[in-house]
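This is what each chain is made of:
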Amino acid sequence: MDAAFFATVDPQTLLFTSAVAEDPLGSATPQFLDNEFGRPDVNKFAVLAEAADPVSSLDRATGGHRAASPRYRDVMAPLGLGDELRAALVVRNRCWGVLCLHREKSPTGFSADELRLLHRLVPHLAEGLREALTGGAVATAQSFPSAESTAPGILVLDSSLALVSRSAEAEQWLADFPTRLWPSARELPIPVHSVAAHLSIVEQAEPWQSPPPSSVRLRGRSGQWLSLHATCLPDPAGPRIVIVIQAVPPVELGSMLLSAHGLTTAQLRVAALILRGRSTREIVAELHISANTVQEHLTATFDKFGVRSRRELVAAVLGGSEGPR
């Protein structure tokens, strides 16, 4: 390969939470993101994440007619790049990151053997990302940001994604972003750009379509999980994109971390109620299952987390205290 792009993603919305692009890709990051989230094209990461085979090349998808891809015409060809090899890093039915490898412009693209090699690597790379992003207890609300800055922060962008305004609270939340997410004062952080660019898909969706919301969750430098949500507001000067930044609610975060450990749907329902402080009797009444079934699901969940009690499960997921039994 001659260049590579790598990003971590929110497994629920598949929007980027961080990204690294090797030269010459770095200079084209905004165009790349606009193509990924705002225009139809081949080998979209969201499509690969749901496919039986999460690996594909540009030459395979276009039958060798690279110019059929807007991404090739508008982004790759001007940079002197040819074929690209893409992968969604999926494990336990969840995508935790994406990878794109590039070759310089040449009639020869990636071979079938190279696609098979990357396919074998995908679950190992994905598992490493899953463990890195979800391991360890979540930082408490008291650790970061300070009590004075717990209110949601607001960013306002214009239709060209230029920053128009930001609140003082947004500045404090952004300070917890990994520094690599905002390489310069003129560039938006990757997750901010992702939710803003994706908003156009949501706005243009037909009533029968159900695109994921323009939201993303990421872990800050402090360990605190942050949530970004984009929405569009009318304005006499032109449409404005408003992005709200705040801490991820513990219950929502707990559900995400539970699913990251490969729980079945039934186990996830029981464990999520445990995080909400429900007793066995309350779980039985809410899910219409027996107390023995509740205990079976709990035992399986304990095994997957390597814990032996509800107290330890809550601490492992949220760093909190035990709920009622």
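What you see is a predicted model, and the numbers here were worked out from it, not measured in a lab. (Residues numbered from 1 in each chain as written. Predicted model: local features only at pLDDT ≥ 70, side-chain atom pairs only at ≥ 80, totals over all residues. Heavy atoms only, no water.)

## Brief notes about the sheet that holds strand 2 (residues 16–21)
One open sheet holds the five strands; their spatial order is 2-1-5-4-3, and the pairing between them is antiparallel. Because the sheet does not close on itself, it has two edges, and the strands there are strand 2 and strand 3 (55–57). Neighbour-to-neighbour, the strand axes of the sheet open up by a mean angle of 15 degrees, direction not taken into account. Alignment of strand 3 against strand 4 (residues 81–91), held across three bridges, turns out to be antiparallel. Residue pairing across strands places S57 opposite L85, the latter belonging to strand 4. Packed onto the sheet, helix 1 (residues 29–38) meets strand 1 (3–9), strand 2 and strand 4 and runs at close to 135 degrees relative to strand 2. (Pairing = 2+ DSSP bridges. Helix = DSSP H or I, 4+ residues; strand = E, 2+ residues; numbered from the N terminus. Axes fitted to C-alpha atoms, helices over the stretch in contact; angles between N-to-C directions. Contact = heavy atoms within 4.5 Å.)

## Observations concerning the layout of surface pockets
If a probe as big as a water molecule is rolled over the atoms, it shows which places are left empty. If you add up the space inside the largest pocket, you get close to 560 Å³. Lining the largest pocket are 24 residues; nearest its centre among them are T13, L14, A46, A49 and E50. Contributing elements (two or more residues each) for the lining of the largest pocket: helix 1, helix 2 (45–50), strand 5 (94–104) and helix 7 (190–204). It is helix 2 that provides the largest number of residues to the lining of the largest pocket, a total of five residues. Its residues assigned to classes, the lining of the largest pocket comprises 16 nonpolar, four polar and four charged. (1 Å grid on protein atoms, 1.4 Å probe; cavity = no way out; pocket = protein on both sides within 12 Å on 5 of 7 lines; lining within 4 Å. Points joined across faces, edges and corners; volume = space filled by probe spheres on them. Nonpolar A, V, L, I, M, F, W, Y, C, P; charged D, E, K, R; others polar.)

## Re helix 5 (residues 112–134)
Along its 23 residues, helix 5 runs 33 Å from first to last C-alpha, staying within 8% of the 33 Å computed at 1.5 Å per residue. The sharpest bend along helix 5 comes to roughly 35 degrees, located at L121, with the proline P123 sitting one to four residues further on. Every buried residue of helix 5 is accounted for by L115, L118, V122, A126, E127, L129, R130 and T134. (Expected span 1.5 Å × (residues − 1). Bend = angle between axes of the 7 residues up to and from the residue. Buried < 20%, exposed > 50% of the residue type's maximum accessible area, 1.4 Å probe, protein only.)

## Brief notes about the packing of aromatic side chains
As enumerated under the stated definition, the model contains four aromatic pairs in all. Look at F5 and F16: their rings are 5.7 Å apart centre to centre, the planes differ by 45 degrees, and that puts the pair in the tilted class. Of this pair, F5 sits in strand 1 while F16 is found in strand 2, placing the two residues eleven residues apart along the sequence. Between the aromatic rings of F16 and F37, the centroid separation amounts to 5.0 Å while the plane-to-plane angle is 65 degrees, which identifies the pairing as edge-to-face. One end of the pair, F16, is in strand 2; the other, F37, is in helix 1, and 21 residues separate them in sequence. You'll find F16 and F37 in the same group, each marked buried. Put simply, the rings of F5, F16, F32, F37 and F45 pair up and form one aromatic cluster. Between R86 and the ring centre of F45, over which it is positioned, the NZ or CZ distance is 3.9 Å. Between R103 and the ring centre of F110, over which it is positioned, the NZ or CZ distance is 4.1 Å. (Phe/Tyr/Trp six-rings, centres within 6.5 Å; stacked < 30°, edge-to-face > 60°. Lys NZ or Arg CZ within 6 Å of the ring centre and 35° of its normal.)

## Points about the side chain of H297
As for its placement among the helices and strands, H297 is situated in helix 11 (residues 291–305). We classify H297 as buried; its relative accessible area is 17%. Those residues within four positions of H297 in sequence are excluded, and the remaining contacts are A266, Q267, V270 and I289.

## What about the environment of V242?
Considering the arrangement of structural elements, one finds V242 in strand 10 (residues 240–247). Under the relative-accessibility criterion, V242 is labelled buried at 12%. A C-alpha to C-alpha distance of 4.7 Å links V242 and V156, two positions 86 residues apart in sequence. Dropping the residues within four chain positions of it, V242 is found in contact with I154, L155, H229, A230, T231 and L233.

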